[in-house]
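# Chains, contacts and geometry: an overview
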Amino acid sequence: MDPKNGSSFTGFILLGFSDRPQLERVLFVVLLIFYLLTLLGNTTIIALSLLDPHLQTPMYFFLSNLSFLDLCYTTSIVPQLLVHLRGADKSISFAACVAQLFVSLWLGSTECILLGVMAVDRYAAICRPLHYTVIMHPRLCALMASASWFIGFANSSLQTVLTFLVPLCGRNKIDHFLCEVPPLLKLACVDTTVNESELFFVGVIILLIPVALITLSYGRIVRAVLRIKSAAGQRKAFGTCGSHLTVVSLFYGTAIYAYLQPSNNYSQDQGKFISLFYTIVTPMANPFIYTLRNKDVTGAMRKVFCGGNDSR
């Protein structure tokens, strides 16, 4: 792969929101706050899962994976974005652009698979409660998590190589705030129909198969919960799934918009704000969605940070 593509190419210019300087100042403050909340929330989830024996279960094992993933995902994007929002220099080296694309694709693809795996965990917990610990054995949990990371890695490797094999003929101004496949393909000086078709096909597999798995799992969960005679029991069962469904809706809704719509319908301005949502807002919101109504996590927080006794 030749980064120069026949020219004295040294890197890219990420235009981002440079055409809206007033918006840049507002975004800097907002995104800095969101990033700090992301670090705090996800680090707390990971720490609690390690420190509290009550949270060392399959559900929190997968949630810790999700939190670690979100930490890395956001950190691969936000610090550089904050620097660009504060200064006139919007450049990014070729190597840094390749690394950012690879890491963000890897972690984004992994999250797609991991959210599907978490739905299977919820299915086993609610529909097979007596056999839950046997079904969700630690080895199986580790295997499922590892498979999620490996599939994400394989997809990212393929997409990154195919994207940077496309000749750019010296074009280096990316109308985005990060190195992402759709805006990079717009720099190409050749027909990219094959690349776009391949991206759409792989996107369907990575996005829609986990969605189908989630739909199937929750279809059976709903039937199982409706058979519970106690209203309190139904609320408790639905409560354990509500957080996961909220995260799924936020992540998949924005990712499908970004990657599974025809390129001729793709609005670059809308794409930037959608990307802000799933790269920054969702990773920040995830730990709070999982903890606000979760008595296990709030109890662990009181015990670890306030030195209180475990009342369970």
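Bear in mind that the values here come from a model prediction, so they are computed numbers and not experimental data. (Residues numbered from 1 in each chain as written. Predicted model: local features only at pLDDT ≥ 70, side-chain atom pairs only at ≥ 80, totals over all residues. Heavy atoms only, no water.)

### Remarks on the packing of aromatic side chains
The following threshold applies: Here the aromatic set is Phe, Tyr and Trp, taking the six-membered ring for Trp, and pairing holds for ring centres within 6.5 Å; pairs whose planes are under 30 degrees apart are stacked, those over 60 apart are edge-to-face, and all others are tilted. Here a helix means four or more residues in a row that DSSP labels H or I, a strand means two or more in a row labelled E, and each is numbered from the N terminus. Classification of residues uses two cut-offs on accessible area relative to the type maximum, computed with a 1.4 Å probe and protein chains only: under 20% is buried, over 50% is exposed, and between them is partly exposed.
Enumeration over the complete set of coordinates arrives at 12 aromatic pairs. Centre to centre, the rings of Phe 17 and Phe 177 are 5.9 Å apart; their planes meet at 20°, and the pair counts as stacked. Remark: Phe 177 occurs in the loop between strand 3 (173-174) and helix 7 (181-185) and Phe 17 occurs in the loop between strand 1 (11-14) and helix 1 (21-51); sequence separation between them is 160 residues. Residue classification places Phe 17 among the buried residues on the basis of a relative accessible area of 3%. Given a relative accessible area of 1%, Phe 177 falls into the buried group.

### Structural notes on the confidence of the model for the protein
As a reminder, the rule being used: Every residue gets a pLDDT, meaning the predictor's confidence in that residue, from 0 to 100. By definition in these notes, contact holds between two residues if any of their heavy atoms fall within 4.5 Å.
In the predicted model, the protein carries a mean pLDDT of 85, and 91% of its residues have values of at least 70. Note on residues 1-8: pLDDT under 50 across the span, and 11 contacts to partners over four residues away in sequence or across chains.

### Focus: the side chain of Ser 104
Test applied: Pairing of N or O atoms within 3.5 Å defines a polar contact, subject to two protein rules: one partner must be a possible hydrogen donor and the other a possible acceptor, and residues neighboring in sequence count only if both atoms are side-chain atoms.
Among the structural elements, Ser 104 can be located in helix 4 (residues 94-127). The class for Ser 104 is buried, based on a relative accessible area of 8%. Within the local environment of Ser 104, its side chain forms a polar contact with the backbone oxygen of Leu 101, the two atoms lying 3.2 Å apart. The residues contacting Ser 104, other than those within four sequence positions of it, are Tyr 73, Ile 77 and Cys 179.

### Looking at the sheet that holds strand 3
For clarity, the cut-off: Pairing between strands is defined by DSSP: at least two bridges between the two strands are required. Every axis corresponds to a line fitted to the C-alpha atoms, with the helix fit spanning only the stretch in contact, and the corresponding angles, defined between N-to-C directions, vary from 0 to 180 degrees.
With mixed pairing, the 3 strands of this open sheet are ordered in space as 2-1-3. The sheet terminates laterally at strand 2 (91-93) and strand 3, the two strands that pair on one side only. Sheet topology note: the strand 1/strand 3 ladder contains 2 bridges and is parallel. Looking at strand 3, one finds that Ile 13 is bridged to Lys 173. Where helix 4 meets the sheet, it contacts strand 1, strand 2 and strand 3, and its direction lies at approximately 85° from that of strand 2.

### Quick word on helix 6 (residues 138-164)
Short version of the rule: Any helix carries an expected span of 1.5 Å times its number of residues minus one.
The terminal C-alpha atoms of helix 6 lie 39 Å apart, and with 27 residues this matches the ideal 39 Å at 1.5 Å per residue to within 8%. Taken together, the buried positions of helix 6 are occupied by Cys 141, Met 144, Ala 145, Ser 148, Trp 149, Gly 152, Asn 155, Ser 156, Gln 159, Thr 160, Thr 163 and Phe 164. On its buried face, helix 6 sits against strand 1, helix 2 (58-75), helix 4, helix 7 and helix 8 (193-226).

### Description of the environment of Leu 276
Residue placement: Leu 276 occurs in helix 10 (residues 268-291). Residue class for Leu 276 comes out buried when judged on its relative accessible area of 7%. Each C-alpha atom, one on Leu 276 and one on Ser 148, is 24 Å from the other, the two residues being 128 residues apart in sequence. Excluding anything up to four places from it in sequence, Leu 276 contacts Phe 17, Leu 27, Leu 31, Leu 81, Phe 177 and Val 281.

### Remarks on a positive patch on the surface
Our working definition: A residue counts toward a patch only above 30% relative accessible area and without a salt bridge, and it is joined to like-charged neighbours within 9 Å or, for Val, Leu, Ile, Met, Phe, Trp and Tyr, to nonpolar neighbours within 5 Å. A 1.4 Å probe and the Shrake-Rupley method give the accessible areas. Residues count as covered only by the protein chains that appear here. The term salt bridge refers to a side-chain nitrogen of Lys or Arg lying within 4 Å of a carboxyl oxygen of Asp or Glu. Think of it this way: Lys and Arg go in the positive column, Asp and Glu in the negative one, and His and the chain ends go nowhere. Think of each charge as sitting on NZ of Lys, CZ of Arg, CG of Asp or CD of Glu.
A cluster of like positive charges, contributed by Arg 128, Arg 220, Arg 223 and Arg 227, occupies part of the molecular surface. When you line up the elements, Arg 223 lands in helix 8.

### Focus: the pattern of salt bridges
Think of it this way: side chains of opposite charge can pair up when their charged atoms draw near. A complete count under the given rule lists 3 salt bridges for this structure. Here Lys 90 makes a salt bridge to Glu 24, at a shortest N to O gap of 2.9 Å. Of this pair, Lys 90 sits in the loop between helix 3 (78-86) and strand 2 while Glu 24 sits in helix 1; the two residues are 66 residues apart in sequence, bridging distant segments of the chain. For the pair Lys 90 and Glu 24, one class covers both residues: buried. The partner of Asp 121 in a salt bridge is Arg 122, with the nearest N and O atoms 2.9 Å apart. With respect to class, Asp 121 is no different from Arg 122; both count as buried.

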